[in-house]
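Here is what each chain is made of, one letter per residue.
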Amino acid sequence: MKATHIFCSAVLGCLAAIQSMALAADLTPSYVIVTPDNPPVVIQTAAKELADHMNQFPNSHFDIVAESQRPEGRRAIHVGPTKGAAAVFPDPTFANAKPDTISIRFVDGDIYLNGQMPRGPLYAVYTFLEELLGVRWWTHEDTYIPSKLVIQKRDIEYAPTFVCRETFYWELHRDTPFAARLKDTGHFSGIPEEYGGHRSIIGWCHTFYQWLPPQTYFEKHPEWYSMNEKGERFGDYGQLCLTNEEMRKEFVKVCLEKIAQDPTAGMISVSQNDWRGNCQCPACKAIEEEEGSPSGLLLRFVNAVAADIRKQYPDFFIETLAYQYTRHAPKITRPADNVVVRLCSIEMDFSQPLEDGPQNASFRKDIEDWSAIAKNLYIWNYITNFSNYMLLQPNYRNLGNDLRFFAKHHAIGIFEQGDAGCSTGDFVRPRAWIVAHLLWNPNLDEKALAQEFFNGYYGAAGPLLLNYIDFLCDCMEKSGSRLPCYNDNVQHWLTGADLIKARALFQQAEDAVKDNPVLAERVHRERISLDVSTLLSYFNMQREAFFSTQTVDALISQNAITAIKEDLFRQFDKWNPATWREGGQSISSYKEQLEGLLKPFEVRRDNLPEACRNLPDGTWDVLWPQTFNIYFLDSLVNVVDDPAAFSGKAICMKANHNQWAIQNHIGSYYGVGRKWKYLIRLRCDADAKDGVAVQFGVYNAGKAGNDYLRDIKVSECAGKDYVTIETEPVPFALSQYLWLAPVNRPPEEVKDITVDSIIMIRADQNVGN
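Residues numbered from 1 in each chain as written. Predicted model: local features only at pLDDT ≥ 70, side-chain atom pairs only at ≥ 80, totals over all residues. Heavy atoms only, no water.

### Digging into the confidence of the model for the chain
Mean pLDDT for the chain: 90, with 93% of residues reaching 70 or above. Confidence drops under pLDDT 50 across residues 1–25; counting only partners more than four residues distant or on other chains, this segment forms 50 contacts. (pLDDT = per-residue confidence, 0-100. Contact = heavy atoms within 4.5 Å.)

This is the structure in C-alpha cells:
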C-alpha cells in the first residue's frame, strides 16, 4: 500500500485555473434573467439565487423577467425549461435523464441553465456561479464573490454519480441555502420544495422497535421478539423474531400506516435495532446457517415486507441495513428490486484506503459481495470520531479514494456521517465543503479542493495548515495503529514529542495571519481540536512519566497546560459547540471532566487501594470514573457521589441492557506484550441469587475480538459493599480497550451495577487482597 500525501502537491486553485482559461463574455446590463411563465417555486428560487449573486459583482444589475415579458433585443440567461430552451435541448424537461442532471449551454449569445426537475435547473445555476463565475460558498455565512465579473464560456453536461448525497455536518444542517448550494439531497438536510426538496426515509433507521415497540406488543406477543440462548423471549435491547408470520403481518400494517401519513417520502426503513440481540430461536438460526450470514434471514423478511408494500405503493422503496452482525452478504437470498441495502462501514480502519488497505480487507469484500447482488446499494460511511468530535482524526487522505471505490462498486447513495452535533470539530468546515464536492463529483481532485478551500478561507495560513495536517497523517501512518471511528485519545498514534511538533506547526499558521482579525479568528478556532488532544494527552503523559520515569515538564509544563485549558474554555464559551460526542452530552459536562483529568497527578500511598499500595511505581495503575468513556449517560448510566469509592465517584449502570456502556482505552505505555491483571472493584444491587450480573472484557479493535472475557456472577458481587474481582493475566496490545456491560437482566432480578475503579497490576507482581 503506497501512502498518498493528499495535501502537499503544488496544485493551483480551481478558481485560478478557470480564470487563466477564461474567454471573457460581456455580461452587461443588456442581459436579463428569464424564467418560464408561471414558473414552479424551485425555478423562482433558482432565478433569485442567480440574480442575488450576480448583482453582488461590481457595477452589475440583472433583472428577472418572465419569458413572455422579455424586452425586445435583450440577451437572456434562461433558467429552467423556457420556450427558448426547447430549441436548444431535445427534451427541455430532461424527463428521461438521470436524477439531478444539469446542462449549461451557450447558444447565439444566450445562456441556458437547465436540468432535470426539480433540482437540475437550480444545480445548473449553482454550477454556473461556482465553476464559470468563480463564486465560492465556504460556509453557511462566508461567501466569496470575485472582484470582476468574468465568465468562462464552456458548455457543461453532467449527471451525478450518487443519487442521494448527504454530508452530515453541522454546517449543512443548520442552513438550507448552504446545503442546497453544496447539492446535498439527504434525509437530514430538510431542504424544502423551493430549494428542490430532499430524499427522505420514513423512520430513518433502526426501526424494528420504532414500528413494533415492546412496551406496546411484548406482553401479548412475546413470540414476536428475540429468543436468547436459554430459550427465553426478551423485549429489552433485542430484535424481532423474523420467522414469525403474525409479527410480519402486523409490521406490514404499521408500515402502510406510516407511508399513508407521508406518501411522498419515497422510502421507508425496515431495519434492525442499533445493537445485537438477534433471535436465537431454532427457525431463525436454521435460516442464518443456510444463508451463511444473519443478513439472509433479514433479507427474506425485508423482501416479504417489500412485496406487500408494493401492492399499494408500487414506486416505494424499502430500506434496510447491512450493519454489524448483518454486514456480510448472504449466500442465497437477493434483495428485491424495491429494496435498498445500506451497507455500514463502522468497523473500518479509517487511516487506510478501502481499496487496498490490509486492515480493510473484510469490509472491502463485503462491498464487492453486496455490489454483485444489490441493485440499490447505499453506503453509510463514518468520517468522524464519535467518542469525541473535537479530537484529532487524521483520516483526510482517504476521503476521496473511498468515495471513488464506492462509485466503482455501483453505490447510488452515500451518507457521510460527520460532526453534525458539533460546530467546532476537527476542521469541520473544510471537511464539509470538500466531502460535499466529492459527493457531487467523486472524480474531482481532492488535493486541489483542499488547497482551494484552505487558501481561500484561511489566507496565508492555508498552506501552513495543510503542512500541519500532512504531518498528523504521517504520524498516523508511522504509528501502524488502527484509526476507528470511536477514539478516546490520540496516544495510540501521536507521541508526546510529535504532539509538541504539531503545536509548533500550528503556531506558524497562527503567526501568518495574526494581523488579520478575521483570518486569525478562523485559524484559532481550528486550534480547538489540537488543544483538546493536548489536554487529554497530558493526562496520559503523566502516566507515561509514572511508567517510564520521564518527567512531565520535559514535554509540557503544568503552567502551559493551565493556559491551554483556559483558552480552550474561552473558545467553548465563544463558539458554543453544543455537544462534544455522540449522544448529545453538553460542553459544560465536558469542562467538568477535563477539570478532573487535569488535576496534578500525585501518588498518595495512603489513599491507594490495598492491592497496589506497596508496589513499585510503574507496575500498577488505577482507572477511576473520570478516565472512563461513558455511553448512554443519564439514561442507562450515571456518575454518582460515593464516599466508599476510591475517588469519591462511582459509575452506576442499569442492568436491563447489554450495552458496552463503560469503556476505557488503555495507553501504549503499558508495554506491548506485557501481561497485566485487572482488579475490578464493583458491587450490584440484586434480588437474584445467581446468574451473570455483568461482563468484563478486553477488546482488541485490531483483530475485532476480545482478548479476554470474564462473566461476573451475582453471587460474586451482590451486596452493599464493594468487592474486587481479579482476572487472569492478559497481554497488552495496541488498540485494546476495557469494557463493562450488564447482560440484560430484568430489574426484579438485578437492578444495577456500581463500578468504583479498575486496578491494573503487572502480572509478575504479588497481588494483594
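### As for the environment of Tyr 486
Mapped onto the elements, Tyr 486 comes out in the loop between helix H15 (462–479) and helix H16 (496–512). Between the C-alpha atom of Tyr 486 and that of Ser 387, which follows or precedes it by 99 residues, the distance is 5.0 Å. Not counting residues within four places of it along the chain, the set of residues in contact with Tyr 486 comprises Ile 346, Asn 385, Phe 386, Ser 387, Glu 582, Tyr 631 and His 665. There is a polar contact of 2.8 Å between the side chain of Tyr 486 and the side chain of Glu 582. (Helix = DSSP H or I, 4+ residues; strand = E, 2+ residues; numbered from the N terminus. Polar contact = N/O pair within 3.5 Å; in protein donor to acceptor, adjacent residues only side chain to side chain.)

### Here we look at the pattern of salt bridges
As enumerated under the stated definition, the model contains 41 salt bridges in all. Asp 52 is paired through a salt bridge with Lys 48; the nearest N and O atoms lie 2.8 Å apart. Here Lys 48 and Asp 52 lie together in helix H2 (residues 41–54), a separation of four residues that amounts to about one turn. For Lys 249, the salt bridge identified is with Glu 246, shortest N-O distance 3.6 Å. Of this pair, Lys 249 and Glu 246 both sit in helix H8 (residues 245–261), three residues apart, which is roughly one turn of that helix. (Salt bridge = Lys/Arg side-chain N within 4 Å of Asp/Glu carboxyl O.)

### Observations regarding the sheet that holds strand E12 (residues 339–344)
With parallel pairing, the six strands of this open sheet are ordered in space as E9-E14-E13-E12-E11-E10. Unpaired on one side and paired on the other, strand E9 (164–168) and strand E10 (267–269) mark the two borders of the sheet. Each strand of the sheet is rotated relative to its neighbour by a mean of 25 degrees, with strand direction disregarded. Looking at chain direction, E10 and strand E11 (residues 317–322) are connected through three bridges and run parallel. Counterpart to Met 267 in the pairing with E11 is Phe 317. Lying on the sheet, helix H10 (residues 294–312) is in contact with E10, E11 and E12; it crosses E11 at an angle near 170 degrees. (Pairing = 2+ DSSP bridges. Axes fitted to C-alpha atoms, helices over the stretch in contact; angles between N-to-C directions.)

### Points about the pairing of strand E19 (residues 662–665)
Going residue by residue along E19, you find Ile 662 and Asn 664 tucked away on one face and Gln 663 and His 665 tucked away on the opposite face as well. Both strand E16 (residues 629–630) and E19 contribute to a ladder of two bridges, which runs antiparallel. Bridging across to E19, Asn 629 finds its partner in Gln 663. Both E19 and strand E25 (residues 736–742) contribute to a ladder of four bridges, which runs antiparallel. Residue His 665 lies in a different strand from E25, and its bridge partner there is Tyr 737. (Buried < 20%, exposed > 50% of the residue type's maximum accessible area, 1.4 Å probe, protein only.)

### Observations concerning the nonpolar core
By size, the foremost hydrophobic cluster in this structure holds 234 residues, and its most contacted members are Leu 50, Phe 128, Phe 251, Tyr 468, Phe 572, Tyr 678 and Phe 696. Residue contributions to this core peak at twelve residues, all from helix H17 (residues 517–548). Phe 251 has contacts with Phe 208, Trp 211, Leu 212, Leu 240, Val 270, Phe 301 and Val 305, leaving out every residue within four places of it along the chain. (Core = buried A, V, L, I, M, F, W, Y, C linked by side-chain atoms within 4.5 Å.)

### Structural notes on the sheet that holds strand E21 (residues 692–700)
Judged by pairing direction, the sheet is antiparallel, and its five strands sit side by side in the order E16-E19-E25-E21-E22 without closing on themselves. Two strands bound the open sheet, and with one partner strand each, they are E16 and strand E22 (705–713).

### A short note on the pairing of strand E1 (residues 31–35)
Of all the five residues making up E1, five are buried; the element is thus mostly covered by neighbouring parts of the structure. Covered by surrounding structure in E1 are Tyr 31, Ile 33 and Thr 35 together with Val 32 and Val 34, the residues of both alternating faces. Relative to strand E3 (residues 75–79), E1 is paired through four bridges, and the arrangement is parallel. In the strand pairing of E3, Ile 33 is matched with Ile 77. Of the pairings in the sheet, the one linking E1 to strand E2 (residues 64–66) comprises three bridges and is parallel in character. Note that in E2 the partner of Thr 35 across the bridge is Ala 66. Remark: the E1/H2/E2 crossover connection has right-handed handedness. (Right-handed = clockwise from strand over helix to strand, strands pointing away.)

### Concerning unusual backbone geometry
Here the amide bond leading from Met 117 into Pro 118 is cis, since omega sits at 5 degrees, within 30 degrees of zero. Position of Pro 118 relative to the elements: it lies in the loop between strand E5 (110–115) and helix H4 (120–132). The backbone phi angle of Asp 100 is positive, close to 65 degrees, even though this residue is not glycine. In this fold, Asp 100 is placed in the loop between helix H3 (83–86) and strand E4 (102–107).

### Quick word on helix H18 (residues 558–575)
Counted at 1.5 Å a residue, the expected span for H18 with its 18 residues is 26 Å, and the 26 Å between its end C-alpha atoms agrees. Here H18 has its buried residues at Ile 561, Ile 564, Lys 565, Asp 567, Leu 568, Phe 569, Gln 571 and Phe 572. (Expected span 1.5 Å × (residues − 1).)

### Quick look at the state of the cysteines
Going through the model one piece at a time under the given rule, you end up with zero disulfides. In this structure Cys 255 is a free cysteine whose sulfur lies 14 Å from that of Cys 205, the closest cysteine sulfur available. Note on Cys 255: relative accessible area 0%, which makes it buried. Take Cys 652: it sits in no disulfide, and the sulfur closest to it among the cysteines is that of Cys 684, at 11 Å. (Disulfide = S-S within 2.5 Å.)

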